[in-house]
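# Residue-level structure breakdown
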Amino acid sequence: MKKEVSAIVNGEQYQADQGQTVLQLLLDKNIEIPHVCYHESLGSIETCDTCAVLVNGEVKRGCGTFLEEGMDIRTSTPEVKEAQFNAMDNILENHELYCTVCDNNNGDCTLHNTVKDMGLEHQIKEFKPKEYDIDHGQFYRYDPDQCILCGRCVEVCQTVEVNETLSIDWDLMQPRVIWDDNVPIEESSCVSCGQCVTVCPCNALMENSMQGQAGFLTDIRPDYLRSMIEVTKEAETGFGPLFAVSDSEAKMREDRIEKTKTVCTYCGVGCSFEVWTKDREILKIEPVEEAPANGISSCIKGKFGWGHINSEARLTRPLVRDGEYFKEVEWDEAISLITEKFKEIKEKHGPDALAFIASSKATNEESYLIQKLARQVIGTNDIDNCSRYCQSPATMGLQRTVGYGGDAGSMKDLENAELVIMIGSNTAEAHPVLASKIKRSHKLFGQKLIVADLRKHEMAERADLYIHPNPGTDLVWLSAVTKYIIDQGWHDKEFLSGKVNGYAEYLESLQPFTLGMAEEITGISKEVLIQTAEAIADSDKTCICWAMGVTQHQIGSDTSTAISNLLLVTGNYGRPGTGAYPLRGHNNVQGASDFGSMPDTLPGYQKVTDDEVAAKFEKAWGVDLPREKGMDNHEMVQGIHDGKLKALYVTGEDMGVVDSNINYVTNAFEKLDFFVVQEMFLTNTAQYADVVLPASPSLEKEGTFTNTERRIQRLYPALSPLGKSKPDWEIYCEIAKEMGFDWNYSSPADIMAEAASLVPMFAGVSYERLEGFKSLQWPVSEDGSDTPLLYTEGFHFDDGKARLHPLEFVHQYRTTEEHNFHINNGRILEHFHEGNMTFHTEGIRKKVPNSWIAVSEEAAEKYGMEEGSAIRMENPSGETVARVHVSPEVFGNEMYLPLNDNGKSAINYLTNNDTDKDTNTPAYKEIPAKVEVLEKKGDSPLPLFNYRRGHRNPQPGVNVQKKWDRKDYIYPGSKEVRQDG
């Protein structure tokens, strides 16, 4: 419990938490005090000086003064007011107020509002333009003439995003914010997360999409702006008239600018924002402090990657195949054709001749409906989603050992852990906002970080210990470290005896995993293995994160199990700052599985083979349900080739690119009797379809997504569906109705209500409880109480105890003498997966126009490759071609091919039909290949304005002491006289 102190403010006594600043107390108690640089998500920066207060008779900064018992605070004395006004005058010397013709005049400009609230009418020091040009990036611009040097942008870059690009060069004659070592934005290490723009208190940093768009008087040529500003200043003499006119103009904007809460459509972090729209224009994405997963944070995709919404390539009407081409038809014709074919195939071949694939981009409600369509309307359990491609092994490993197939806690637990271990996860690029939380704890609060990965990517560079195992051997070193911990007596004996079953059998299974065996198989030295074990033993709170580098192997489920075993042995479950965190890749891949798009489970992971469960759904749906497990994604493709599967309905999944062994998959499409694809674009997969249905993206519909921390969040429609496209849930309803099942849902809220009535883990989920930025982390009790941290009262088994799961290492992936390169693969920051959405955003496309193959310096020298060389990678499955990027991140004969290509560089020309033995997840990460140099010389595939070419400039923050040390700086509350020069 926090200790309290007593302080007197303007003669009145208040209680406050020890450790709070004076400013925080004043804000908590709604006592008016000006402040510009302070931001709740950033803390005290101490650059603007406007929060001056009198503390025990001395003028001090409220944001930098910590409360002490009996402190006497005054906020309105003459010397305080003078200090505040002098501070604001110093700010306005750096900023020209032309609010009426400013795109940032939207009622939320911190500087505008503070000047107005202070009642200033004039400034004493005249505004002085600086000798710097405006710096234009792909997504935002920096105007030094409007910059007040508050340092918010620097603070957020250095200590929240922790990309460490921005700083203020206080040594310049005219200080300014700089990128890296003072290079243009586009030549820097800036990752375009946009957080600097989000926290800027004025218009110094602004999204390009806002410029000339927000205001009624702002859509003017730059060369006319100066004249417009001068006219405005002459007409609005003094700040009073200026604010009167500008506030009226701002109020007018409210009638045409809509602000709608949404949830990001990309990775599994689950960032939520307000999206600002004007007609169909997306003006900006605005993160807000109350967003539960991300707060003010964002990444390049979530902040700027929305070009797909209004892309000219969007499908807007149903398409039906007419020979080699498609023709546009009306909805009723497309729906009639689909239902006619479905009935025909079902009658002739039975319900299991049809299969359905749900989209991890669609909502929970839409996942619920497509599995209902499969089970109730058609009568098959042939339903799956793309978790089969990535996260099913992690789910399996957790369900075996602790019961629930989801993150053990929240991102707050990752922030609060003493030790975070990352395995097979390029977190800074695949889950950038989550990575920033860990980077922040590591940089500022002493958190330790261990990274095990084939590449020395950003998180590995930052790690206290980097581990480079041989491909596919993580299970071995994890088990060896666990055995060593037990051998040393460092395991949590009390936790194991009271909360865990199967210890003796598991201990026996560990015997082969000696340090020597692990060193031989993994290539990790005994010393590093011991160092890893010691770090875990020394940590009271350990979290482990993993992703596709673990799951996409033939033993992905077993390796995920080994991770959970290690956490159980060390007692790292059920306490804050502990647990297992499989990082979900898509925005709703967790929810797609949670709500039943799985071949063996109904919604809530209730088994299709459980008669009691099935009877509950049968009563609700009025049909008999199949009891046998259906086909998963992988089995569906095989089923087509075998002649068992005749019809396939795919929603929002480009199987023809993302599934393993592309040639095998597309050959299967050609064998189908009937193929329906529901999509936003005519993807590679859609081109094989008989019917293509135009679906609506997230900004055009209502529903919920579930992120990687099991957090359910609402999204609201910001735009109407484009053309005649429709939300997925409406399409499913129309098909069901045509098939004789009128579901009669009036909105997605009705669908959620039905799911909650049938699924214990969603019992208390309702749209009312998810209003706005409110969220719930499942399981949710009927009374609405949720579960941010799992296993505090026991594990999800009948006896409440976890289960250690014995393992053996029977699979060893290796390259061969002929196919002597290992082709690793995965995501990159800018694009999402194959890029079907992100390539429609021009700025992203310019930064990464194509994929590349990362080659080590030693391999490049040995095999005659250099930056820009064209090479062919080939194995029995096929071949792919890419340009070389020589990278220090990869080693030896290991290469890295990003996933952002659906053409000749697509990785799945090289993958085969091997899968994880327990879940059928393709072994995407087990790719041997031989390499041929096609062209020795060529242009680098990495543009010159890509952040990977920049050089970060780590700082502790704003370095405000450097400002205070300048000869031209006098604290506004000081009695000193400022000396010019």
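Parameters and conventions
Residues numbered from 1 in each chain as written. Predicted model: local features only at pLDDT ≥ 70, side-chain atom pairs only at ≥ 80, totals over all residues. Heavy atoms only, no water. Helix = DSSP H or I, 4+ residues; strand = E, 2+ residues; numbered from the N terminus. Rg over C-alpha atoms; globule rule 2.2 N^0.38 Å. Buried < 20%, exposed > 50% of the residue type's maximum accessible area, 1.4 Å probe, protein only. Contact = heavy atoms within 4.5 Å. Areas by Shrake-Rupley, 256 points an atom, 1.4 Å probe, with all protein chains shown as cover. Lys, Arg positive; Asp, Glu negative; His and termini not counted. Charge placed at Lys NZ, Arg CZ, Asp CG, Glu CD. Phe/Tyr/Trp six-rings, centres within 6.5 Å; stacked < 30°, edge-to-face > 60°. Lys NZ or Arg CZ within 6 Å of the ring centre and 35° of its normal. Pairing = 2+ DSSP bridges. Axes fitted to C-alpha atoms, helices over the stretch in contact; angles between N-to-C directions. Polar contact = N/O pair within 3.5 Å; in protein donor to acceptor, adjacent residues only side chain to side chain. Core = buried A, V, L, I, M, F, W, Y, C linked by side-chain atoms within 4.5 Å. Left-handed = near helix turned anticlockwise from the far one by under 90°. Nonpolar A, V, L, I, M, F, W, Y, C, P; charged D, E, K, R; others polar. Parallel < 35°, antiparallel > 145°, perpendicular 65-115°, else oblique. pLDDT = per-residue confidence, 0-100. Salt bridge = Lys/Arg side-chain N within 4 Å of Asp/Glu carboxyl O. Disulfide = S-S within 2.5 Å. Expected span 1.5 Å × (residues − 1).

Turning to the overall build of the protein chain, a few remarks are in order. Within the protein chain one finds 33 helices and 38 strands. Whereas a compact globule of 981 residues would reach a radius of gyration of roughly 30 Å, the protein chain reaches 29 Å, a difference of no more than 12%. Dimensions along the principal axes, computed over C-alpha positions, put the protein chain at roughly 90 × 70 × 65 Å. Put simply, the protein chain has 981 residues, and 64% of those count as buried. Counted over contacts in the protein chain with a minimum sequence separation of 6, partners at least 24 positions apart contribute 74%. If you sum the accessible surface of the protein chain, you get close to 36,200 Å²; carbon and sulfur atoms cover 46% of it. In the protein chain, which carries 98 positive and 153 negative side-chain charges, the distance between the mean positions of the two groups comes to 1 Å.

Applying the stated criterion to the full structure yields 27 aromatic pairs. Judged by centre distance (6.1 Å) and plane angle (40°), the ring pair of Phe239 and Phe243 falls under tilted. On the criterion of helical spacing, the pair formed by Phe239 and Phe243 is a turn pair, its members being four residues apart in helix H7 (residues 239–253). Residue Phe243 is classed as buried on the basis of its relative accessible area of 4%. Members of the aromatic cluster, connected to one another through ring pairs, are Tyr404, Phe495, Tyr573, Trp778, Tyr791 and Phe795. Between the NZ or CZ atom of Arg710 and the centre of the ring of Trp778, over which it lies, the distance is 5.6 Å. Arg803 extends its terminal NZ or CZ atom over the ring of Phe797, reaching a point 3.9 Å from the ring centre.

This paragraph deals with the sheet that holds strand S18 (residues 419–423). Strand order in the open sheet formed by five strands is S20-S19-S18-S22-S23, with parallel pairing between adjacent strands. Since the sheet does not close on itself, it has two edges, and those belong to strand S20 (465–467) and strand S23 (579–582), each with one partner. Pairs of neighbouring strands in the sheet enclose a mean axial angle of 15°, with direction left out of account. By the bridge criterion, five bridges tie S18 to strand S19 (residues 448–452) in an arrangement that is parallel. Counterpart to Leu419 in the pairing with S19 is Lys448. Packed on one face of the sheet, helix H21 (residues 526–538) meets S18, S19, S20 and strand S22 (542–546) and runs near 130° to S20. Helix H23 (residues 556–569) contacts S18, S22 and S23 of the sheet and is inclined by roughly 175° relative to S22.

Let us now look at the sheet that holds strand S29 (residues 703–706). The strands making up a sheet associate through backbone hydrogen bonding, with each pair oriented either parallel or antiparallel. Pairing is antiparallel across the open sheet formed by three strands, whose spatial order is S29-S30-S31. Two strands close off the open sheet at either side, each with one partner strand: S29 and strand S31 (775–777). Across the sheet, the axes of successive neighbouring strands diverge by a mean angle of 30°, strand direction being ignored. On top of the sheet, helix H10 (residues 364–378) reaches S29 and strand S30 (711–715); it is set at about 95° to S29, its chief contact.

Summarising burial for helix H26 (residues 633–642): seven of the 10 residues are buried, a large majority. The complete set of buried residues in H26 reads Asn633, His634, Met636, Val637, Gly639, Ile640 and His641. Summarising the contacts, the buried residues of H26 are in contact with strand S16 (354–357), strand S17 (383–384), helix H11 (387–390), strand S26 (647–651), helix H27 (655–658) and helix H28 (662–671). With a side-chain oxygen positioned 3.1 Å from the backbone nitrogen of His634, the residue opening H26 is Asp632. Once H26 ends, the next one or two residues include Gly643, with phi positive near 85°.

A separate point is the nonpolar core. The nonpolar side chains of a soluble globular protein tend to be buried with one another. Core analysis: the biggest nonpolar cluster contains 151 residues, and Phe342, Phe356, Ile423, Tyr573, Tyr649 and Leu693 have the highest contact counts within it. With nine residues, the top contributor of residues to this core is helix H17 (residues 474–487). In this view, Phe342 contacts Leu354, Phe356, Ile378, Tyr649, Phe674, Val676 and Met739; residues no more than four positions away in its chain are not counted. Ile148, Cys153, Val154 and Leu205 belong to the second-largest nonpolar core, a separate cluster that totals 53 residues.

Now for the pairing of S26. Counting buried positions along S26 gives five out of five residues, so the element sits mostly inside the fold. Here five bridges tie S26 to strand S27 (residues 674–679), and the two strands are oriented parallel to one another. Among the inter-strand pairings, Val650 is bridged to a residue of S27, identified as Val677.

Okay, the packing of helix H2 (residues 78–92) against helix H3 (residues 110–118) next. Axis separation between H2 and H3 bottoms out at 12 Å; the angle between their running directions is 145°. Where H2 crosses over H3, the handedness of that crossing is left-handed. Facing Gln84, Phe85, Met88, Ile91 and Leu92 of H2, the residues of H3 in contact are Leu111, Thr114, Val115 and Met118. Its residues placed into classes, the contact of H2 with H3 shows seven nonpolar, two polar and no charged.

Inspection of the secondary structure assignment puts Gly903 in the loop between strand S37 (894–898) and strand S38 (928–935). With relative accessibility at 25%, the residue Gly903 sits in the partly exposed group. Between the C-alpha atoms of Gly903 and Val881, which are 22 residues apart in sequence, the distance is 9.4 Å.

Take the packing of helix H9 (residues 331–349) against helix H29 (residues 728–738) next. As a packed pair, H9 and H29 sit with axes 9 Å apart at the nearest point and diverge in direction by 55°. Here H9 is positioned oblique relative to H29, judged by the angle of their axes. Considering how the two elements wind past one another, H9 and H29 form a crossing that is right-handed. On H29, the residues touching Trp331, Ile335, Ser336, Ile338, Thr339 and Lys343 of H9 are Ile731, Glu734, Ile735 and Glu738. For the contact of H9 with H29, the residue count by class is five nonpolar, two polar and three charged.

When pLDDT is averaged across the protein chain, the result is 95; 98% of the residues are at 70 or more. Below pLDDT 50 for its whole length, residues 977–981 participates in seven contacts with residues either more than four positions away or in separate chains.

A separate point is the pattern of salt bridges. Opposite charge on two side chains lets them pair, provided their charged atoms get close. A full pass over the atoms with the stated rule returns 49 salt bridges. Across the salt bridge formed by Arg388 and Asp384, the nearest N and O atoms sit 2.7 Å from each other. For the pair shown, Arg388 and Asp384 are each scored as buried. A salt bridge links Glu709 to Arg711; the nearest nitrogen and oxygen atoms lie 2.7 Å apart.

This part takes up the side chain of Thr570. Relative to the helices and strands, Thr570 resides in the loop between H23 and S23. Of the residues examined, Thr570 reaches a relative accessible area of 13% and is grouped as buried. At a separation of 2.9 Å, a polar atom in the side chain of Thr570 contacts the main-chain carbonyl oxygen of Leu566. Looking at Thr570, its side chain comes within polar contact range of the main-chain oxygen of Leu567, at 3.3 Å. Setting aside residues up to four positions removed in sequence, Thr570 forms contacts with Ile485, Asp492 and Ile536.

For the coordinates displayed, the defined rule picks out zero disulfides. Of all cysteine sulfurs in the structure, the one in Cys63 sits closest to Cys51, which takes part in no disulfide; the separation is 3.8 Å. Cys51 sits in the buried class, given a relative accessible area of 2%. No disulfide involves Cys545; its sulfur sits 6.7 Å from that of Cys543, the nearest cysteine.

This part takes up helix H15 (residues 432–444). Across its 13 residues, H15 extends 18 Å between first and last C-alpha, which sits within 8% of the 18 Å expected from 1.5 Å per residue. Among the 13 residues in H15, 10 count as buried, and that is most of the element. Regarding H15, the residues found buried are Pro432, Val433, Leu434, Ala435, Ser436, Lys437, Ile438, Lys439, Ser441 and His442. Residues of H15 that are buried make contact with helix H13 (411–416), S18, helix H14 (427–430), S19, helix H16 (458–462) and S22. Among the residues trailing H15, Gly446 stands out with phi positive, at a value near 80°.

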